[in-house]
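Listed below are the residues making up each chain.
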Amino acid sequence: MSYNKPLPRPDTTNGPFWAGAKQGKLMLQYCKACGDTRFPPSHICPKCLSSDQDWKEASGKGTLQSWIEMHRAYWDGYKGEIPYRVALIQLEEGPVVVSNIDNNSDNLRLGQPVTVVFDAVTDDVTIPKFTLA
Ligand SMILES: [Zn+2]
């Protein structure tokens, strides 16, 4: 069965993030001028306005900041998975990312350590998701 959920559209700004994910790396953009590490990426640093940006591999570790359980499938591709979880993950490097956390753990608590896992959803796209560490 083909993948029928929304897919990311890699472009010149976020391309390194998706290329890294395909290789099993969680990539974060940082500012070479002030060191600010951010997500999502941008052409210009929101802290110092420098356009001198680069990428580094993140540890893939973070903490669970919040989560919800989706009980309605807004896309047909999710019908077989509801309820599924959407979470805010505070990465060790600072940025907060929106992702999925697996449904295998029943005792989620705020601040729990999590780690990235990579879900190769198509031949071209791998999506970083999280699980309890
Ligand atoms: Zn900066």
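Scroll up to find the structure this text is about.
The structure contained in this document is the topic of the report that follows. Just so it is clear, the structure is predicted and the values come from calculations on it, not from any experiment.

### Topic: the coordination of the zinc ion
Then step 1. Those donors, Cys 31 (SG), Cys 34 (SG), Cys 45 (SG) and Cys 48 (SG), are the protein atoms that reach the zinc ion, and they lie 2.3 Å from it.
Then step 2. Viewed at the metal, the four donor atoms of the zinc ion are separated by angles of 104 to 115°, and the geometry they form is tetrahedral.
Then step 3. Positions of the donor residues of the zinc ion, expressed as sequence spacing, correspond to C-x2-C-x10-C-x2-C. Of this pair, Cys 34 sits in the loop between β1 (27–31) and β2 (37–38) while Cys 45 is found in the loop between β2 and β3 (53–57), placing the two residues eleven residues apart along the sequence.
Then step 4. With a relative accessible area of 40%, Cys 34 lands in the partly exposed category.

### Overview of the sheet that holds strand β6 (residues 96–100)
Then step 1. Strand order in the open sheet made by the five strands is β6-β5-β4-β7-β8, with antiparallel pairing throughout. Only two strands of the sheet have a single partner each, and these edge strands are β6 and β8 (126–132). Taken over all neighbouring pairs, the strand axes of this sheet differ in orientation by 40° on average, direction set aside.
Then step 2. Inspection of the sheet shows strand β4 (residues 61–70) paired to strand β7 (residues 113–120) by three bridges, in the antiparallel sense. Bridging across to β7, Thr 63 finds its partner in Pro 113.

What counts as what
Residues numbered from 1 in each chain as written. Predicted model: local features only at pLDDT ≥ 70, side-chain atom pairs only at ≥ 80, totals over all residues. Heavy atoms only, no water. Donors = N, O, S within 2.8 Å, 3.2 Å for Na, K, Ca; no water. Tetrahedral: all angles 85-135°; square planar, octahedral: opposite > 155°, others 65-115°. Helix = DSSP H or I, 4+ residues; strand = E, 2+ residues; numbered from the N terminus. Buried < 20%, exposed > 50% of the residue type's maximum accessible area, 1.4 Å probe, protein only. Pairing = 2+ DSSP bridges. Axes fitted to C-alpha atoms, helices over the stretch in contact; angles between N-to-C directions.

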